Amino acid sequence: MLGILGGTFDPIHFGHLRPALEVQQALGLEEVRLIPLRDPPHRNRPQTTDTQRLSMLQAAIKGLPGFRIDRQELERKGKSYTVETLRALRKEVGGKPICLLMGSDAFGQFHTWHKPGEILQLAHLIVMQRPGDSISPATDNIVESAEPLTTTAGGYILFQPVTQLDISSTSIRALIRNNLSPRYLLPDEVLAFIQTQKLYQ
Ligand code: ATP
Ligand code: MG
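Residues numbered from 1 in each chain as written. Chains lettered and ligands numbered in written order. Predicted model: local features only at pLDDT ≥ 70, side-chain atom pairs only at ≥ 80, totals over all residues. Heavy atoms only, no water.

Draft legend 1. Representation of the pairing of strand β2 (residues 31–36). Within β2, 6 of the 6 residues are buried, leaving the element largely enclosed by the surrounding structure. What you see with β2 is no split at all: E31, R33 and I35 on one side and V32, L34 and P36 on the other are buried throughout. Taking the sense of rotation as the criterion, the β-α-β connection linking strand β1 (residues 2–7), helix α1 (residues 14–27) and β2 turns out right-handed. In this sheet, strand β3 (residues 67–69) lies alongside β2 in parallel orientation, the contact comprising 3 bridges. (Buried < 20%, exposed > 50% of the residue type's maximum accessible area, 1.4 Å probe, protein only. Helix = DSSP H or I, 4+ residues; strand = E, 2+ residues; numbered from the N terminus. Right-handed = clockwise from strand over helix to strand, strands pointing away. Pairing = 2+ DSSP bridges.)

Here is the structure:
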């Protein structure tokens, strides 16, 4: 199975990496693709450049088996719609199951995404609980274990227990802006890049 995690990753931090690694291992994903968004539909474009966010992603996953960066949303013009990304991936991988990883905050907004029904046909949703989010509402298609995911290309929703880390890019940017250290919230290599490039000040 292929796993994907989209985000602005501005910057990437341990709240992305640790839950994604746990999902990779729990579900036996052969590959996890991190897909940086170019122009998120629900928010402003990041202040950092695509290249800077890519460099931070590269630094973060260096040597981590099975993790890759997929640049397709950066290369596509216009808003970054997950459904388009999934259509492209579906062409690439055929009938192989695709698992779309997302935090519980993203899942709470999922019904407002472009074509949520088609997204759920194209992929399974794997929801990673974020601290402070209320437990998500009852929905159809929920499965209790990873086993059914392997039997179809998409369509199921799994709430996968992960280590809950109260870390966000927003809080990291705020720390830096206030001259406080974000160390131990994100990889040292990413922090070193932020410091050399003087990001988020
Ligand atoms: P920002 O504060 O700028 O929104 P963020 O920390 O929420 O940044 P995003 O790039 O928006 O990071 O998130 C990308 C994906 O990772 C989303 O699906 C989000 O729910 C998930 N995610 C982010 N942080 C965590 C976390 N601490 N635990 C679990 N999932 C997370
Ligand atoms: Mg976010």
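Draft legend 2. Examining the site of ligand 1 more closely. Close contacts around ligand 1 come from 21 residues, with H13, R43, D105, S169 and T170 the closest. Separating an oxygen atom of ligand 1 from a backbone N or O atom of S169 is a distance of 2.8 Å. For the shell around ligand 1, the elements supplying multiple residues, two or more each, are β1, α1, β4 (98–103), α5 (104–108) and α7 (169–177). When the residues that make up the shell around ligand 1 are grouped by side-chain class, the tally is 7 nonpolar, 10 polar and 4 charged. (Near = heavy atom within 4 Å. Polar contact = N/O pair within 3.5 Å; in protein donor to acceptor, adjacent residues only side chain to side chain. Nonpolar A, V, L, I, M, F, W, Y, C, P; charged D, E, K, R; others polar.)

Draft legend 3. Quick look at the sheet that holds strand β5 (residues 124–128). Taking strand neighbours across the sheet as the criterion, the 7 strands line up as β3-β2-β1-β4-β5-β7-β6 in an open arrangement whose pairing is parallel. In the strand order of this sheet, the two ends are held by β3 and β6 (142–143), each with one partner. Relative to strand β7 (residues 157–160), β6 runs parallel, the two being bridged by 2 bridges. Across the sheet, the residue bridging to I142 is I157, located in β7.

Draft legend 4. Region of the structure containing unusual backbone geometry. Residues D10 and P11 are joined by a peptide bond in cis, for which omega reads 5°. Relative to the assigned elements, P11 resides in the loop between β1 and α1. Even without glycine at this site, N141 takes up a positive phi of about 70°. You can see N141 is positioned in the loop between β5 and β6.

None of this, on its own, says anything about what the molecule does.
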